[in-house]
Amino acid sequence: MTSDFSAARVHLDRAYDYLCGDDPMSQRGREALDLLIEAVAVEEFKQPRQSAEVLRFPIGRRC
């Protein structure tokens, strides 16, 4: 089973947005999430892209 790094990054971004306070715990939480978001993004873009076969459809006249 492969991980869905893009979905994980979306959730981490949302969690970051919820920690909008100026208190020390919110600031530390945002710093920790920054590290996680960066690590997930690095892994997301290291993954080999899945190749796909392009199918050509015949172009013809329609009635």
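You'll find the structure just up there.
In short, a report on the structure. Just so it is clear, the structure is predicted and the values come from calculations on it, not from any experiment.

1. A few points about the nonpolar core
Inside soluble globular proteins, nonpolar side chains tend to come together where they are buried.
Here comes step 1: Core analysis: the largest hydrophobic core is formed by five residues, namely Phe5, Leu12, Leu33, Ile37 and Val40.
Here comes step 2: Elements supplying a minimum of two residues to this core: helix H1 (5–18) and helix H2 (24–46).
Here comes step 3: Setting aside anything within four residues of it in sequence, one finds Ile37 in contact with Arg9, Leu12, Asp13 and Tyr16.

2. Digging into H2
Here comes step 1: Counted at 1.5 Å a residue, the expected span for H2 with its 23 residues is 33 Å, and the 33 Å between its end C-alpha atoms agrees.
Here comes step 2: Where H2 is concerned, the buried positions are Ser26, Gly29, Arg30, Leu33, Ile37, Val40 and Glu44.
Here comes step 3: Next to the buried residues of H2 lie H1.

3. Some thoughts on the environment of Gly21
Here comes step 1: Within the element layout of this structure, Gly21 appears in the loop between H1 and H2.
Here comes step 2: The sequence separation of Gly21 and Val40 amounts to 19 residues, and the corresponding C-alpha distance is 24 Å.
Here comes step 3: Non-local contacts of Gly21, meaning those with residues more than four positions away in its chain, are made with Ser26 and Arg30.

4. Examining the side chain of Ser26
Here comes step 1: Relative to the helices and strands, Ser26 is located in helix H2.
Here comes step 2: Note on Ser26: relative accessible area 10%, which makes it buried.
Here comes step 3: The residues touching Ser26, leaving out its near neighbours within four places in the chain, are Leu19 and Gly21.

What counts, and at which threshold
- Residues numbered from 1 in each chain as written.
- Predicted model: local features only at pLDDT ≥ 70, side-chain atom pairs only at ≥ 80, totals over all residues.
- Heavy atoms only, no water.
- Core = buried A, V, L, I, M, F, W, Y, C linked by side-chain atoms within 4.5 Å.
- Buried < 20%, exposed > 50% of the residue type's maximum accessible area, 1.4 Å probe, protein only.
- Helix = DSSP H or I, 4+ residues; strand = E, 2+ residues; numbered from the N terminus.
- Contact = heavy atoms within 4.5 Å.
- Expected span 1.5 Å × (residues − 1).

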